[in-house]
Amino acid sequence: MATDAIAASPFERIGGRETIEAVSNRFYDLMDSDPAYAELRAMHAPDLTRMRVELARFLVGWCGGPRDWFEDNPGKCMMSLHKPFTISHDVAGQWAEAMQRAIADVGPVDAQMAGALSSVLSDLSLGMAR
Ligand code: HEM
């Protein structure tokens, strides 16, 4: 079998850390500026700098890239980290929509992987609603 038949990870296909950081920044820009996400925005600290970094670091490891977020947060899972927050279906929908828009705006070259990421992150977000 040829070497180039080895499948690239989602992290590589999406465009690596640079693309994921761009998605995270666009996501928080949208959350911060579009009134449609006001309820979601109000749940976050006034300064989103830490979140921009942490969401990108989480997504990098979760997509199969360097796992520094997971090494810094041993044993933590995204679902249990969000347990302290009361997340309505409306707010989960705001998160999902802002993420779909962020990925579309950044426009990763691999459109198939971008679509898959968009879809699975929406499902993850909606799964956090109670
Ligand atoms: C369902 C809707 C969601 C809501 C309402 C929500 C809300 C929040 C809030 C309020 C925080 C703390 C923010 C702060 O300290 O300022 C947070 C942290 C975080 N969220 Fe979410 N979130 C949602 C979905 C998600 C999803 C789907 C992911 C990942 C795919 C995610 C990733 C993160 C990360 C990485 C952190 C930082 C954790 C840490 O290092 O402390 N969130 N979220």
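As the structure is a computational prediction, the values presented were derived from the model and not from experiment.

Chemist: Is there a simple way to explain the pattern of salt bridges in this structure?
Modeler: Where charged atoms from two side chains of opposite charge come close, those side chains can pair. With the rule as written, the count across this model stands at nine salt bridges. Of the charged contacts in the structure, one is a salt bridge between Arg-41 and Asp-32, with a shortest N-O distance of 2.7 Å. In this structure, Arg-57 and Asp-68 form a salt bridge, with 3.2 Å as the shortest nitrogen-oxygen distance. Placement of the pair is Arg-57 in helix 4 (residues 49–62) and Asp-68 in helix 5 (residues 68–72), with a sequence separation of 11 residues. Under the relative-accessibility criterion, Arg-57 is labelled buried at 17%. It is possible to trace a salt-bridge network through shared partners that takes in Arg-17, Glu-54, Arg-57, Asp-68 and Asp-72.

Chemist: Please clarify how the coordination of the iron atom of the ligand should be interpreted in this entry.
Modeler: Around a metal, the idealised angle for a tetrahedral arrangement of four donor atoms is 109.5 degrees; for an octahedral arrangement of six donor atoms it is 90 or 180 degrees. Coordination of the iron atom of the ligand by the protein involves just one donor, His-82 (NE2), at a distance of 2.0 Å. Inspection of the secondary structure assignment puts His-82 in the loop between helix 6 (78–81) and helix 7 (89–106).

Chemist: Which parts of the structure should I look at to understand the site of the ligand?
Modeler: Near the ligand you find 21 residues, and of these Ala-45, Met-78, His-82, Trp-95 and Ser-125 are the closest. Here an oxygen atom of the ligand sits 2.9 Å away from a polar atom, N or O, in the main chain of Ala-45. Interatomic distance of 2.8 Å between a side-chain N/O atom of His-82 and a nitrogen atom of the ligand. The cavity that encloses the ligand is the largest pocket. Elements supplying a minimum of two residues to the shell around the ligand: helix 4, helix 7 and helix 8 (111–126).

So, how was this worked out
- Residues numbered from 1 in each chain as written.
- Predicted model: local features only at pLDDT ≥ 70, side-chain atom pairs only at ≥ 80, totals over all residues.
- Heavy atoms only, no water.
- Salt bridge = Lys/Arg side-chain N within 4 Å of Asp/Glu carboxyl O.
- Helix = DSSP H or I, 4+ residues; strand = E, 2+ residues; numbered from the N terminus.
- Buried < 20%, exposed > 50% of the residue type's maximum accessible area, 1.4 Å probe, protein only.
- Donors = N, O, S within 2.8 Å, 3.2 Å for Na, K, Ca; no water.
- Near = heavy atom within 4 Å.
- Polar contact = N/O pair within 3.5 Å; in protein donor to acceptor, adjacent residues only side chain to side chain.
- 1 Å grid on protein atoms, 1.4 Å probe; cavity = no way out; pocket = protein on both sides within 12 Å on 5 of 7 lines; lining within 4 Å.
- Sits in = over half its atoms within 2 Å of the grid points.

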